[in-house]
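# Residue-level structure breakdown
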Amino acid sequence: MYEEEAVISARGLSKRYGSVEAVADVTFDAARGRVVGFLGPNGAGKTTTLRMLLGLVRPSSGQARVLGSPYRELHRPLRRVGVSVEADAFVGGRTGRNHLRCYAGLAGCGRRRVDELLELVDLRGAADRAVRGYSTGMKRRLSVATALLGDPDALILDEPANGLDPDGIIWLRGLLRDFAEQGRTVLLSSHLLDEMQKIVDDVLLVNRGRVLHAGPLDRLLGAEACLVRSAAGRQDAVRGVVEAHGHDRLPLADGRLWVGAPPREVRTALEAQEDTAGPVHVEPCTLESEFMRLTRNDREEVAL
Ligand SMILES: Nc1ncnc2c1ncn2[C@@H]1O[C@H](COP(=O)(O)OP(=O)(O)OP(=O)(O)O)[C@@H](O)[C@H]1O
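Residues numbered from 1 in each chain as written. Predicted model: local features only at pLDDT ≥ 70, side-chain atom pairs only at ≥ 80, totals over all residues.

As annotated in an unreviewed UniProt entry, the chain carries the name ATP-binding cassette domain-containing protein and comes from Streptomonospora wellingtoniae. Note on the chain: under the UniProt heading Sequence similarities (unreviewed entry), the record states "Belongs to the ABC transporter superfamily." (UniProt positions renumbered as here; feature names shortened; annotations may be inferred.)

Here it is as structure tokens:
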């Protein structure tokens, strides 16, 4: 991430609720033209951080800036930053179209823009129904449409993919990629790691309020490491071979072994010991495996 191009940034951002350190010293930049995935286990501090970025929660210390200013100081904020943080919070009796028209007034745009967005998020057919009758996925689409109303330079979205069906997820991926390719910026939180691996350029990974990784996805996945899947009952033997080669290692919850060495090297070592280790499948690391490894490492003192 490039500080000089930062569109959304935090410096030493912290929030304490009594004895709970919800967010602790979070520093990152989301640059122009990037999709940044904000990831972390439940209770890691993502929503609190997003709320501080939007001026909805006062930080205990540190600073949050959007397009160079605190969010609350932005002139016509809906035209600068599109926001979806409480995607289910609608006035239930209002229709989708009327909901967008209300926000269009605030964003300073007209009815034509509302129609354009209803089309874009595929809600034209349901536009005149009350939002209380919308499915979860339809509410997400309406929330994304609301965020896009002012044609903003940046989007801040809290779990926008939740409740979307597979077609909806593919649609969201295309929409966010196009948005970033126009030189704009997206910061989105999600627990859908496979999907995030397809969408994001950068990863901000937090656990217990602290940053574990802030930077390109490529850098997170490009480390000299791999995953080893072995036959049932052979895990200890595989671990023994890896240990004998002096590589860092960590068992993941799904039975695979993370190994801190290049795949080819690990495959050669294990194939040479096939009598003991059995057949193995050596795979590249994924966002999910790095998430499991880094958050587990952070949670427990695991001896590598
Ligand atoms: N208003 C509050 N009062 C007290 N504690 C809070 C408050 N808001 C958040 N917390 C605590 O701060 C921590 C971080 O919560 P937060 O909602 O930011 O996590 P999250 O990463 O968004 O989690 P999830 O993935 O479950 O949505 C949690 O321990 C939570 O209980």
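Our focus in this paragraph is the domain arrangement of the chain. Domains assigned within the chain are domain 1 (3-215) and domain 2 (224-284). For domain 1 versus domain 2, the separation of C-alpha centres amounts to 39 Å. (Domains from an automatic or database assignment.)

This part takes up the pairing of strand E7 (residues 185-189). Taking burial as the measure, the five residues of E7 include five buried ones, the bulk of the element. Residues of E7 alternate between two faces, with Thr185, Leu187 and Ser189 on one and Val186 and Leu188 on the opposite face, all of them buried. Relative to E7, strand E3 (residues 35-39) runs parallel, the two being bridged by four bridges. Paired with Val35 across the two strands is Val186, which belongs to E7. (Buried ≥ 20, exposed ≤ 12 C-beta atoms within 10 Å, placed from the backbone. Helix = DSSP H or I, 4+ residues; strand = E, 2+ residues; numbered from the N terminus. Pairing = 2+ DSSP bridges.)

Moving on to the packing of helix H3 (residues 96-107) against helix H4 (residues 111-120). Close contact between H3 and H4 brings their axes to 9 Å; oriented N to C, the two are set at 135 degrees. Between H3 and H4, the angle is such that the two are oblique. Crossing geometry of H3 relative to H4 is assigned as right-handed. Residues Gly96, Arg97, Leu100, Arg101 and Ala104 of H3 form the contact with H4, whose own contacting residues are Arg111, Arg113, Val114, Leu117 and Leu118. Its residues assigned to classes, the contact of H3 with H4 shows five nonpolar, one polar and four charged. (Axes fitted to C-alpha atoms, helices over the stretch in contact; angles between N-to-C directions. Parallel < 35°, antiparallel > 145°, perpendicular 65-115°, else oblique. Left-handed = near helix turned anticlockwise from the far one by under 90°. Contact = placed C-beta atoms within 7 Å. Nonpolar A, V, L, I, M, F, W, Y, C, P; charged D, E, K, R; others polar.)

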